[in-house]
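# An overview of the molecular structure
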Amino acid sequence: MQRGSDRLSAHRDDEMKHELEGLLRSGHPTRVEEWHDPEPAADDDPEVWSGPVGGLGSPASLERLRLELARNLGRHTFPAKAGELARTLRRSNAPGPLIDAVARLPHGERYENVEQLAKALAGGE
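About the criteria used
For every chain, the first residue of the written sequence is number 1, and numbering continues from 1 onward in sequence order. Per-residue local features are limited, in this predicted model, to residues with pLDDT of at least 70; the limit for side-chain atom pairs, both in listing and counting, is 80 or more; totals at the level of whole chains, interfaces and linings are taken over all residues. To get the side-chain values, take all heavy atoms of the structure and skip hydrogens and water. The numbering of helices and of strands both runs from the N terminus, where a helix is a DSSP run of H or I of at least 4 residues and a strand a run of E of at least 2. Between buried and exposed lies partly exposed: a residue is buried under 20% and exposed over 50% of the maximum accessible area for its type, with that area taken using a 1.4 Å probe on protein chains only. In what follows, a contact means two residues having at least one pair of non-hydrogen atoms within 4.5 Å. Here the accessible surface of atoms and residues is derived via Shrake-Rupley with a 1.4 Å probe, and residues count as covered only by protein chains that are part of the display. Interaxial angles span 0 to 180 degrees and are taken between N-to-C directions of axes, which are lines fitted to C-alpha atoms, for helices over the stretch in contact. Any angle that falls under 35 degrees is termed roughly parallel, while one over 145 is termed roughly antiparallel, one within 65 to 115 roughly perpendicular, and all others oblique. Crossing handedness: left-handed means the near helix sits turned counterclockwise from the far one by under a right angle, and right-handed means the same turn made clockwise. Any pair of nitrogen or oxygen atoms within 3.5 Å is treated as a polar contact; in protein, a donor-acceptor pairing is required on top of that, and neighbouring residues in sequence qualify only through side-chain atoms on both sides. By definition, pLDDT measures how confident the predictor is in each residue, and it falls between 0 and 100. Take the buried residues of types Ala, Val, Leu, Ile, Met, Phe, Trp, Tyr and Cys, join any two whose side-chain atoms come within 4.5 Å, and each joined set is a nonpolar core. This arc describes the spread of directions from the helix axis toward the C-beta atoms. Salt-bridge detection follows one rule: a side-chain nitrogen of Lys or Arg within 4 Å of a carboxyl oxygen of Asp or Glu.

## Brief notes about the overall build of the protein chain
Counting secondary structure elements, the protein chain contains 5 helices and 2 strands. Secondary structure elements of the protein chain, listed N to C terminal, follow the sequence α-α-β-α-α-β-α. For the protein chain, with 125 residues in total, the buried portion stands at 23%. Of all intrachain contacts in the protein chain linking residues separated by at least 6 positions in sequence, the fraction that spans at least 24 positions is 44%. Surface exposure of the protein chain reaches about 9500 Å², of which carbon and sulfur atoms provide 51%.

This is the structure we're talking about:
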């Protein structure tokens, strides 16, 4: 029985379910271009499809940290000490909390690559 308050027909409802099926099954957007997505992600939306949000030291946190470092530091930056890395991050306009975290690392330590630096920041060493 139809109450008349439905804004969508049964046909349109099935069509919307079909559009979202790939997203619901895979857990992440399945379209090549974002504008094809039924509901594109906004800049301030949380990263829902990247897995569980973990605390410092969790695999999800380490992966996010490594990605952010790799975005702002090139291969030519390494090996380097914490002070040099903090200056490089400032020049590349990296997020402030990331620069502060790198600047707080022991100044005598030398980091050979992004992985080693990310583990030191996450407290994994």
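Still to come is the rest of the account.
## Structural notes on the packing of helix α3 (residues 82-91) against helix α4 (residues 96-103)
For the pair α3 and α4, the least separation of the axes is 8 Å and the interaxial angle reads 165°. By the criterion of interaxial angle, the relationship of α3 to α4 is roughly antiparallel. For the element pair α3 and α4, the recorded crossing hand is left-handed. Taking contact as the criterion, the partners of Ala82, Leu85, Ala86, Leu89 and Arg90 in α3 are, on α4, Leu98, Ile99, Val102 and Ala103.

## A few points about the side chain of threonine 77
The residue threonine 77 is located in the loop between α2 (59-72) and β1 (80-81) in this model. In this structure threonine 77 comes out as buried when scored by relative accessible area, which is 14%. Here the side chain of threonine 77 touches glycine 74 through a polar contact of 3.1 Å, landing on its backbone oxygen. Among all residues touching threonine 77, those that are not within four sequence positions of it are Leu85 and Thr88.

## Some points on the confidence of the model for the protein chain
Mean pLDDT over the protein chain: 77, with 67% of residues reaching 70 or higher. Of all secondary-structure elements in the protein chain, the lowest mean pLDDT belongs to helix α1 (residues 10-26), at 81, while strand β2 (residues 110-111) reaches the highest, 93. A low-confidence stretch, residues 48-57 (pLDDT under 50), is modelled with 15 contacts involving residues beyond four sequence positions or located in other chains.

## A look at the nonpolar core
Core analysis: the biggest nonpolar cluster contains 22 residues, and Leu69, Leu85, Tyr111, Leu117 and Leu121 have the highest contact counts within it. Taken together, the elements giving at least two residues each to this core come down to α2, α3, α4 and α5 (114-122). Counting residues per element, this core draws most heavily on α5, at 6 residues.

## Concerning α3
When we look at burial in α3, the residues that qualify are Ala82, Leu85, Ala86, Thr88 and Leu89. One face of α3 carries all of its buried residues, which in axial projection span an arc of 160°.

## Topic: the pattern of salt bridges
A pair can form between side chains of opposite charge whenever their charged atoms are brought close. For the structure shown, the criterion picks out 7 salt bridges. In this structure, glutamate 115 and lysine 119 form a salt bridge, with 3.6 Å as the shortest nitrogen-oxygen distance. Here glutamate 115 and its partner lysine 119 are both found in helix α5, 4 residues apart, which amounts to about one turn of the helix. The exposure class assigned to lysine 119 is partly exposed, which follows from its relative accessible area of 34%.

## Remarks on unusual backbone geometry
Between phenylalanine 78 and proline 79 the backbone carries a cis peptide bond, its omega angle lying at -10°. Counting through the fold element by element, proline 79 comes out in the loop between α2 and β1. A positive phi is found at asparagine 93, a non-glycine position, where the angle reads about 60°. With respect to the helices and strands, the residue asparagine 93 is situated in the loop between α3 and α4.

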